[in-house]
Every structure is written in structure tokens, then in C-alpha cells.
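Residues per chain, in single letters:
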Amino acid sequence: MYKLICFDLDGTLIDEIIFIWQAIHDAVDTPLEIRRKAMDDFFSKKITYAEWARHDVELWKQKDVTKERLKEIIAPLKLMPGALETIFELKKQGMKIAIISGSIDIALEHVFPNYEELFDEVYINKLIFNEDGTIKDLISTKFDLEHKATALKQIAERDGLSLNECVFIGDHDNDIHVAETAGLSIAFNSKSDKFSQICNHVIDEKDLRLILPLILNKL
């Protein structure tokens, strides 16, 4: 029986989005060439993930982006169909629920105002704001890309679980390493052929409840 269920956020629990970072950049019109250079610097190991994330937040600060503006940008975001029902059922079955994501906490808070009651563990980037709503800082996650697998391993080890008792549900290239680590991996609403190929199951229909039979062994 599976005991730890880990979700990606953007594109998996949140519908109609690939990366919240890109959505914010596009909305406030930050320079594309500067964004791409920072991304290239990260993937060529010239800068760390934390430096890349902070660089992008600095671009928002240069555009005078406030908390209210960010809320306006993310206002259209909606939960994936079946998301709440799925989480409630997994919790009913006594499973531990986690989010391991490179997204930003303000997006999580928008779609799950009571996320602290729903999720046992949340690994995500966190924005810090000044009293006037301007951006003060970013506490970057240590667990994006290949380190999503590190987060899953840490939770499992701490709770005395084997990796075979762990499930990961995601949708993109940055989910590949953690999908290879989990005992069961599900590509949901996938945007990456490579990710889909390494997962145990692929679900293309946008109904998160379709993962339940796979996890609860009811097929």
C-alpha cells in the first residue's frame, strides 16, 4: 500500500498553467533576453538555483511589482478538475500528502487557501513582502529539478517509509528525477514526452480523480 503521495503544483494541481514564473514574467513584461540568459547560466552551472530565482524576482522588483499586482496576475488560476476530491480521498485513506514544486507560495495560497490543513508537507518557493506590499525577498526552495527527489527521500526516511511506498504525480521535465525515485510515478497532463516515457502511468484527461484507482490498487 502506498503511504506518501507527492504532487507537483503548476499544471498538475493547478490547471491551465505550465510555470507560474513564466506567467508572471509575461504579465509584467520583463526582458526576455535577460530571463533566458539567467536560465542558461543556471543550466550551465554558472549560478545556483537560488541565484537564478532571486535574479528573476529582482526583475519583478524593477517593474515595481507588488503583492496586489501578483494577486491580479494569478487571479484566473483554478484547481485541476477533481483535485480537491482526490486529496480528500487520499487523506481519508490515511495517506500522507505533500507538494514538491518549483512554484511560488502565492499561487498555492490562491488555489488552496487552507493548504496547511490539506498538505502534510509543502516544499515551494516563498515570497516575502514589505508592509507596503512591495517584494522584500525570496526564500527559494532547495527542492526543484533533480532535488525534488531529495525532498521525497527526506520525507520517506524521516517517516520510516520505503521509496516503494511513495508516489509522485507531475507533468514536466523538472519532475523526471523524482519520478524515477518514487515507487509509483504518474504523468498527469504531461507537457514532456521524456517525462511521460519514464512514468509508470500516463493520464492525458484533465480529471485528477483518475489517479485514484492507480494509487488505491483498484484497477
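This text goes with the structure placed above it.
Participant: Help me out: how do you make sense of the overall build of the protein chain in this one?
Facilitator: Across its full length, the protein chain carries 11 helices and nine strands. Across its three principal directions, the C-alpha atoms of the protein chain cover 50 × 35 × 35 Å. Buried residues in the protein chain amount to 52% of all 219 residues. Excluding contacts between residues fewer than 6 apart, the proportion of contacts in the protein chain whose partners are at least 24 apart in sequence is 62%. A total of about 10800 Å² of accessible surface is found on the protein chain, and carbon and sulfur atoms cover 49% of it. One way to put it: in the protein chain the 27 positive side-chain charges average out to a point 2 Å from where the 39 negative ones average out.

Participant: Whenever I open this one, the pairing of strand 6 (residues 135-139) confuses me. Can you help?
Facilitator: In the case of a regular strand, side chains alternate between the two sheet surfaces. Two strands pair when backbone bridges link them, and strand 5 (residues 121-129) and strand 6 are joined in this way by four bridges, in the antiparallel orientation. The partner of lysine 126 across the bridge, within strand 6, is isoleucine 139. Between strand 5 and strand 6, which follow one another and run antiparallel, lie five residues, and glycine 133 among them has a positive phi close to 90 degrees.

Participant: I tried to follow the layout of surface pockets on my own but got confused; where do I start?
Facilitator: Over the atoms rolls a probe the size of a water molecule, and its path tells where empty space is left. Taken as a whole, the largest pocket holds about 940 Å³ of empty space. Residue lining of the largest pocket: 34 residues in total, with Phe19, Met39, Phe43, Trp52 and Leu145 positioned closest to the centre. Among the secondary structure elements, those contributing two or more residues to the lining of the largest pocket are helix 1 (20-28), helix 2 (32-43), helix 3 (49-62), strand 4 (96-104) and helix 8 (147-158). Here the element with the most residues in the lining of the largest pocket is helix 2; it accounts for six residues. Here the residues of the lining of the largest pocket sort into 12 nonpolar, 10 polar and 12 charged.

Participant: Help me out: how do you make sense of the nonpolar core in this one?
Facilitator: Ile5, Leu13, Trp60 and Ile215 are the most contacted members of the largest nonpolar core, which totals 56 residues. The greatest single-element share of this core, amounting to five residues, is contributed by helix 3. Among residues more than four places away in sequence, those in contact with isoleucine 5 are Leu90, Met95, Lys96, Ile97, Ala98, Val167, Ile169 and Ile215. Counting 16 residues, the second largest nonpolar core, distinct from the first, contains Cys6, Ala149, Ile155 and Val178.

Participant: Just checking my understanding: could you explain the environment of glutamate 89 for this structure?
Facilitator: Position of glutamate 89 relative to the elements: it lies in helix 5 (residues 83-92). Judged by its relative accessible area of 21%, glutamate 89 is partly exposed. Once the C-alpha coordinates of glutamate 89 and leucine 216 are considered, the two residues, 127 residues apart in sequence, prove to be 9.9 Å apart. If near-sequence neighbours (up to four positions away) are discounted, glutamate 89 is found in contact with Leu212 and Leu216. In terms of polar contacts, glutamate 89 uses its side chain to reach the side chain of glutamine 93, at 2.8 Å.

Participant: Explanation requested: helix 2 in the structure shown.
Facilitator: An α-helical turn contains 3.6 residues, so any two residues separated by three or four positions project in the same direction. Helix length check: helix 2 (12 residues) gives 17 Å between terminal C-alpha atoms against 16 Å at 1.5 Å per residue, within 8%. Residues of helix 2 that are buried: Arg35, Ala38, Asp41 and Phe42. Seen end-on, helix 2 carries its buried residues on one side only, within an arc spanning 125 degrees. Facing away from the buried surface of helix 2 by more than 90 degrees, the exposed residues are Glu33, Lys37 and Phe43. Summarising the contacts, the buried residues of helix 2 are in contact with helix 1 and helix 3. Where helix 2 terminates, the next one or two residues include lysine 45, which has phi positive at roughly 65 degrees.

Participant: Where do I start with the sheet that holds strand 4 in this structure?
Facilitator: Two strands in a sheet stick together by hydrogen bonds in their backbones, pointing the same way (parallel) or opposite ways (antiparallel). Here seven strands make up an open sheet; going across it, the order is 6-5-4-1-7-8-9 and the pairing mixed. Whereas interior strands pair on both sides, the edge strands pair on one side only; in this sheet they are strand 6 and strand 9 (201-203). The sheet shows a mean angle of 20 degrees between the axes of neighbouring strands, taken without regard to direction. Set on the sheet, helix 1 makes contact with strand 4, strand 5 and strand 6; between it and strand 4 the angle comes to about 30 degrees. Along the sheet face, helix 8 touches strand 1 (4-7), strand 4, strand 5 and strand 7 (166-170) and points at about 155 degrees away from the line of strand 4.

Participant: Looking at this structure, how should I read the pairing of strand 4?
Facilitator: Burial analysis of strand 4 places eight of its nine residues in the buried class, the great majority of the element. Sheet analysis places strand 1 next to strand 4, joined by four bridges and oriented parallel. If you follow cysteine 6 over to strand 4, its bridge partner there is alanine 98.

Rules and cut-offs
Residues numbered from 1 in each chain as written. Predicted model: local features only at pLDDT ≥ 70, side-chain atom pairs only at ≥ 80, totals over all residues. Heavy atoms only, no water. Helix = DSSP H or I, 4+ residues; strand = E, 2+ residues; numbered from the N terminus. Buried < 20%, exposed > 50% of the residue type's maximum accessible area, 1.4 Å probe, protein only. Contact = heavy atoms within 4.5 Å. Areas by Shrake-Rupley, 256 points an atom, 1.4 Å probe, with all protein chains shown as cover. Lys, Arg positive; Asp, Glu negative; His and termini not counted. Charge placed at Lys NZ, Arg CZ, Asp CG, Glu CD. Pairing = 2+ DSSP bridges. 1 Å grid on protein atoms, 1.4 Å probe; cavity = no way out; pocket = protein on both sides within 12 Å on 5 of 7 lines; lining within 4 Å. Points joined across faces, edges and corners; volume = space filled by probe spheres on them. Nonpolar A, V, L, I, M, F, W, Y, C, P; charged D, E, K, R; others polar. Core = buried A, V, L, I, M, F, W, Y, C linked by side-chain atoms within 4.5 Å. Polar contact = N/O pair within 3.5 Å; in protein donor to acceptor, adjacent residues only side chain to side chain. Expected span 1.5 Å × (residues − 1). Arc of directions from axis to C-beta. Axes fitted to C-alpha atoms, helices over the stretch in contact; angles between N-to-C directions.

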